[in-house]
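Single-letter residue listing:
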Amino acid sequence: LYICVCSIILACGKNENLVERPDGEIVLQLVDSFPLFNDSVVYQHFDIGNIREGKVLAFKYPLLDLTVIDESRDFHQISKSGDGPEEHMGFIESLYDSEGEYLFVLQQYNVSKLNVFNDKYDFVGSINLSDALAGFFPAPYESHLRIKKLKKDFYKVFIALNSTTYNRYEKNYYAGFSLAELTVDIKKSTVEDVQLRLPFSDNQVIQQALSDNEKFWKVPTPYFDIGADEYYVYYDFNKALNVYGQDWNLKRIYPMKFIA
């Protein structure tokens, strides 16, 4: 079992490095591969955020050990399954910050936390999110984690939410919020501020469905991404991409139609 690194080339004309292809054909060129095994050890989930530096972060399931596989094909375990300060339990998601200074690992479990490692994969600290998100818990399984650097060692952390009190088939669930924006201090391992964003009550589709007692969506969790000065949010029930400004004012809506 290997992870393969390919370059994707849209062949729309002649190229001296390519065999001539019909216009519009996509060509994959294998440039490298990483072995995903070490004797009897096999990994099942990967973060390739640092693949350009020759490193892949690998997760074993169900043990959730974190291991770095580097370009020399060495395996370096940086964290293991457990409930200790540097360990993980429950569903996890990882993300490198844009400057490669830190690795963030989000854990969804009885106690949700954000573990932080530096660029050498040394443990920096663990941030408890359960208290900061009272009434909610992170939903990385359905959505994801996003990070935005504010200044040295201070970051905005954006997390899709689920309720700890109501399930999504209850009307009271939709009195809550779908996204959290946290300001965290990496060095102190603290949450300095929490802002709950995008209340369901602001969405006309949700309100009409609740009024008609007709829930037609499977997942209310938003899929989102963070730009330099805009936020991009998609809900299944809206079938549209919403673009927000930095103050979360709605700027544009792009309807989306998916063809089966």
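Here the structure is shown first, and the text comes after it.
Now for a quick tour of the structure.

Definitions and limits used
Residues numbered from 1 in each chain as written. Predicted model: local features only at pLDDT ≥ 70, side-chain atom pairs only at ≥ 80, totals over all residues. Heavy atoms only, no water. Phe/Tyr/Trp six-rings, centres within 6.5 Å; stacked < 30°, edge-to-face > 60°. Helix = DSSP H or I, 4+ residues; strand = E, 2+ residues; numbered from the N terminus. Buried < 20%, exposed > 50% of the residue type's maximum accessible area, 1.4 Å probe, protein only. Lys NZ or Arg CZ within 6 Å of the ring centre and 35° of its normal. Arc of directions from axis to C-beta. Polar contact = N/O pair within 3.5 Å; in protein donor to acceptor, adjacent residues only side chain to side chain. Pairing = 2+ DSSP bridges. Axes fitted to C-alpha atoms, helices over the stretch in contact; angles between N-to-C directions. Contact = heavy atoms within 4.5 Å.

## Details of the packing of aromatic side chains
What the rule picks out here adds up to 14 aromatic pairs. Judged by centre distance (5.8 Å) and plane angle (40°), the rings of tyrosine 173 and phenylalanine 200 are tilted. Of the two residues, tyrosine 173 sits in the loop between β15 (154–163) and β16 (177–185) while phenylalanine 200 sits in the loop between β17 (190–199) and α1 (204–212), which places them 27 residues apart along the sequence. This pair shows no difference in class: tyrosine 173 is buried, exactly as phenylalanine 200 is. Sitting above the plane of the phenylalanine 154 ring, lysine 151 keeps its charged end 4.8 Å from the centroid.

## Let's talk about unusual backbone geometry
The residue serine 189 is not glycine, and still its phi comes out positive at about 55°. Along the polypeptide, serine 189 turns up in the loop between β16 and β17. In this structure, tryptophan 248 is a non-glycine residue whose phi angle is positive, near 65°. Checked against the element boundaries, tryptophan 248 lands in the loop between β20 (240–245) and β21 (250–255).

## Quick look at α1
Taken together, the buried positions of α1 are occupied by Ile206, Ala209 and Leu210. Down the axis of α1, the smallest arc covering the buried residues is 100°, so these residues share one side. The exposed set on the far side of α1, more than 90 degrees from its buried face, consists of Gln204 and Ser211. The N-cap of α1, judged by a side-chain oxygen 2.9 Å from the amide nitrogen of valine 205 a few residues on, is asparagine 203. Count one or two residues on from α1 and you reach asparagine 213, which has phi positive near 55°.

## Regarding the sheet that holds strand β12 (residues 123–128)
Taken together, 4 strands build an open sheet; the order of strands is β9-β10-β11-β12 and the sheet is antiparallel. For this open sheet the edge positions go to β9 (91–96) and β12, each flanked by a neighbour on one side alone. Recorded for the sheet is a direction-independent mean angle of 20° between the axes of neighbouring strands. As paired strands, strand β11 (residues 113–118) and β12 are joined by 5 bridges and run antiparallel to one another. Each bridged residue has a counterpart across the sheet, and for phenylalanine 117 the counterpart in β12 is phenylalanine 123.

## Some details on the side chain of asparagine 203
Following the sequence through the fold, asparagine 203 ends up in the loop between β17 and α1. For asparagine 203, the side chain forms a polar contact with the main-chain nitrogen of isoleucine 206, separated by 3.1 Å. With near-sequence residues (within four places) excluded, asparagine 203 lies in contact with Phe237 and Asn238.

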